[in-house]
Amino acid sequence: MKSSIVILAAGLGTRMKSSTPKVLQKICGKSMILHILEKAFALSDDVSVVLSHQKERIEKEIATFFPQTKFIEQDLVRFPGTAGALKDYKAQNERVLILCGDMPLIELQSLKALLELKSDLALAVFEAKDAKSYGRVVLEKGEVQKIVELKDADEKEKMIKTCNAGVYMVNAKLLSELLPLIDNENKAKEYYLTDIIKLARAKNTHIKPLFVDEEEFMGVNDKIELSVAENLMQDKIKKFWQKEGVILHNPSSIFISLDVKFIGECEVYENVRIEGKSVIESSIIKSSSVIEDSKISFSSIGPLAHLRPKCELKNTHIGNFVECKNAKLNGVKAGHLSYLGDCEIEEGTNIGCGTITCNYDGVKKHKTIIGKNVFVGSDTQFIAPVCIEDEVIIAAGSSVSENVPKGSLFINRAQSKILKDYFYKKFQ
């Protein structure tokens, strides 16, 4: 049975205390709403997002990755609340899955299980360790009788540990019938979607609960919960790759973005951060290195190395305090203290300590090309654009601002001077 999905993301998110909308806060390198949309489009081709606060900014982010998304604007002044969000919603399919935009940890199998329940109305519930501000779910004979918001709960209802996860599956026709009947006669003067339970019960609708994991369905409302959610997702990511054969030393200190891929047997040491869509193949990433949107194959990186975006390294060793950016290195050794930006360097080449590719002239970026079996002495500057052909020696302390032909020695130093006894004259 085909389903439509609507994601509620119109809230102000004031507890996040940020100029960035709550649903655009990042977890493991990706905005919260994108985590949810990825699951939604795996289940349906009719996906809508309800927005209001910073609507244009959120739309732009979503459209970049999921251009097929439909958008609805909620009138928060006249129709606040979760039911108010659905006032103008029209589903294309027989069933509707209603999600929240601040639940990035939800797994696909849980949503599938909710959709597969044979009922016109079902909701996700969990047994809370600390019920906090969650709506309480009253159950009887395996069916939902009502949901009570904390603001409206009496002392007995506040003791209930079964809580509403805020995710619903409802027959589209039933939803369209019940939404106009929801009022705002409550302490918050909001239109609660939870009132649909009471209205459905009045129509003798059987309402089924699906018990889910509290951590998976946690809402992220502030910076503390943001960090908790990211740690939970990091734990899942790292356990997945460990099962795939990746060795992680002190995994709790390592950060791996969701879109990172490992191929073959890789090894990652403590305090490493790997971001974006980096691909690591049969390589070792040593302590305290940072990898951003780069491809690394059969190489050793670090410790204390930094690969900025668009690097491609193969059969290469990058040592401590080496920074690369938009660099293609094949069979290269750069042991320490160098900057290699906007460059291509071929196999057998050794980069001496303190080497810099001077790629930026203040207006444009320029490329340095270095061939095979080149020996670059320490403290060398390549003033790009420049091309160094194969089998060249660059003498230490050189500033290279011209192309160097194959087999040459390039040396560029100022003439030395020695003033005898100058120390004694200056400090007599």
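Scope of this entry: the structure provided in the associated data block. (Residues numbered from 1 in each chain as written. Predicted model: local features only at pLDDT ≥ 70, side-chain atom pairs only at ≥ 80, totals over all residues. Heavy atoms only, no water.)

**Structural notes on the pairing of strand S7 (residues 121-127)**
Short version of the rule: Burial classification: accessible surface area is computed with a 1.4 Å probe over protein chains only, and a residue below 20% of its type maximum counts as buried, one above 50% as exposed, and the rest as partly exposed. Put simply, DSSP H or I for four residues or longer makes a helix, DSSP E for two residues or longer makes a strand, and each gets a number counted from the N terminus. Paired strands, as defined in this entry, are two strands with at least two bridges between them according to DSSP.
Taken across its seven residues, S7 has six buried, putting it largely inside the fold. In this sheet, strand S10 (residues 162-171) lies alongside S7 in antiparallel orientation, the contact comprising six bridges. Across the sheet, valine 125 pairs through a bridge with asparagine 164, a residue of S10. Of the pairings in the sheet, the one linking S7 to strand S11 (residues 207-211) comprises five bridges and is parallel in character. When the sheet's bridge partners are listed, leucine 123 is paired in S11 with proline 209.

**With respect to the side chain of aspartate 46**
Rule in force here: Residue contacts are counted whenever heavy atoms from the two residues lie within 4.5 Å of one another.
Among the secondary structure elements, aspartate 46 is positioned in the loop between helix H1 (32-43) and strand S4 (47-51). For aspartate 46, a relative accessible area of 0% translates into the label buried. Discounting chain neighbours no more than four positions away, the residues touching aspartate 46 are Ser4, Ile5, Lys70, Tyr89, Ala91, Gln92 and Asn93.

**Here's the deal with the pattern of salt bridges**
This is how the line gets drawn: Think of a salt bridge as a Lys or Arg side-chain nitrogen and an Asp or Glu carboxyl oxygen that are within 4 Å of each other.
Enumeration over the complete set of coordinates arrives at 18 salt bridges. For lysine 146, the salt bridge goes to glutamate 157, with nearest N and O atoms at 3.1 Å. With lysine 146 in strand S9 (residues 143-148) and glutamate 157 in helix H4 (residues 155-158), the pair connects residues that are eleven residues apart, well separated along the chain. With relative accessibility at 38%, the residue lysine 146 sits in the partly exposed group. The class for glutamate 157 is buried, based on a relative accessible area of 12%. Arginine 273 is the partner of glutamate 275 in a salt bridge, and the nearest nitrogen-oxygen pair spans 2.3 Å.

**Focus: the nonpolar core**
So the rule is basically this: We define a nonpolar core as any set of buried Ala, Val, Leu, Ile, Met, Phe, Trp, Tyr and Cys residues linked to one another through side-chain atoms lying within 4.5 Å.
Counting residues in hydrophobic clusters, the biggest one holds 53 residues, and the most contacted among them are Phe262, Leu329 and Ile388. For this core, the secondary structure elements donating two or more residues are helix H7 (223-243), strand S24 (317-330), strand S25 (333-345) and strand S31 (386-388). The contacts of isoleucine 388, once residues within four sequence positions are left out, are Ile369, Ile370, Gly371, Val374, Phe382, Ile394, Val400, Glu402 and Val404. Counting 39 residues, the second largest nonpolar core, distinct from the first, contains Val23, Leu51, Ile58 and Leu115.

**Remarks on the packing of H1 against helix H3 (residues 108-115)**
Note the threshold: Structural elements are reduced to axes, namely lines fitted to C-alpha atoms, with helices fitted over the stretch in contact, and the angle between N-to-C directions of any two is expressed from 0 to 180 degrees. Note on angle classes: values under 35 degrees are labelled roughly parallel, values over 145 roughly antiparallel, values of 65 to 115 roughly perpendicular, and the remainder oblique. Definitions for this section: a left-handed crossing has its near helix turned counterclockwise from the far helix by less than a right angle. A right-handed crossing has that turn clockwise.
Close contact between H1 and H3 brings their axes to 10 Å; oriented N to C, the two are set at 45 degrees. By the angle class used here, H1 and H3 are oblique. Note that H1 runs across H3; the crossing there is right-handed. Side by side, H1 and H3 meet where Lys39, Ala42 and Leu43 of the first sit next to Leu108, Leu111, Lys112 and Leu115 of the second.

**Some thoughts on H1**
Taken across its twelve residues, H1 has nine buried, putting it largely inside the fold. Those residues of H1 lying buried are Met32, Ile33, Leu34, His35, Ile36, Leu37, Lys39, Ala40 and Phe41.

**Some details on H7**
Condition: Helix span, expected: 1.5 Å multiplied by one less than the number of residues in the helix. Think of a polar contact as two N or O atoms within 3.5 Å of one another; within protein, one of them needs to be a possible hydrogen donor and the other a possible acceptor, and neighboring residues in sequence only count if both atoms come from side chains.
For H7, built from 21 residues, the straight-helix expectation of 30 Å at 1.5 Å per residue is met to within 8% by its first-to-last C-alpha distance of 30 Å. As for H7, its buried residues are in contact with strand S2 (26-27), H1, strand S12 (247-248), strand S13 (255-256) and strand S14 (261-263). Where H7 begins, the side chain of aspartate 222 points an oxygen toward the backbone nitrogen of isoleucine 224, at a separation of 3.1 Å. One or two residues past the end of H7 sits glycine 245, with phi positive at roughly 105 degrees.

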